[in-house]
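Summary of structural features
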Amino acid sequence: MSFLGFLLLGLIAGAIAKLILPGRQGGGWFTTLILGVIGALLGGWLGGLIFHVDYTGFFSIQSWIIAIAGSIIVLLLWGLLTRRTPRA
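Here the structure is a predicted model, which is why all the values come from computation and not from measurement.

Concerning the nonpolar core
Among the nonpolar cores identified, the biggest contains 13 residues, and A67, I72 and L75 are the most heavily contacted of them. The set of elements that each furnish at least two residues to this core consists of α1 (3-20), α2 (28-50) and α3 (61-82). Take this core: its biggest share by element is six residues, from α3.

See below:
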């Protein structure tokens, strides 16, 4: 997959992950899209490491599932890191 195709896949996967996750994740859409690209990278790396799968193409369902799963993981971690604690 080309770099631009991978970037587009990550952007769309980040948007889908934001729609899937309940509640509010801080950062807005731009941050979510950047985290989606990071999540797609993470998903591809973990998918290759654990399940020995890789991105076969832009229109492959396997690529989309890996990218969306990675984006959900990154968005959950982002939510944990940026969660505000109530002040006393």
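A look at the environment of T31
Take T31: it is sitting in helix α2. A relative accessible area of 23% places T31 in the partly exposed class. Between the C-alpha atom of T31 and that of W78, which follows or precedes it by 47 residues, the distance is 10.0 Å.

Definitions and limits used
Residues numbered from 1 in each chain as written. Predicted model: local features only at pLDDT ≥ 70, side-chain atom pairs only at ≥ 80, totals over all residues. Heavy atoms only, no water. Core = buried A, V, L, I, M, F, W, Y, C linked by side-chain atoms within 4.5 Å. Buried < 20%, exposed > 50% of the residue type's maximum accessible area, 1.4 Å probe, protein only. Helix = DSSP H or I, 4+ residues; strand = E, 2+ residues; numbered from the N terminus.

Coordinates in, geometry out; function isn't part of it.
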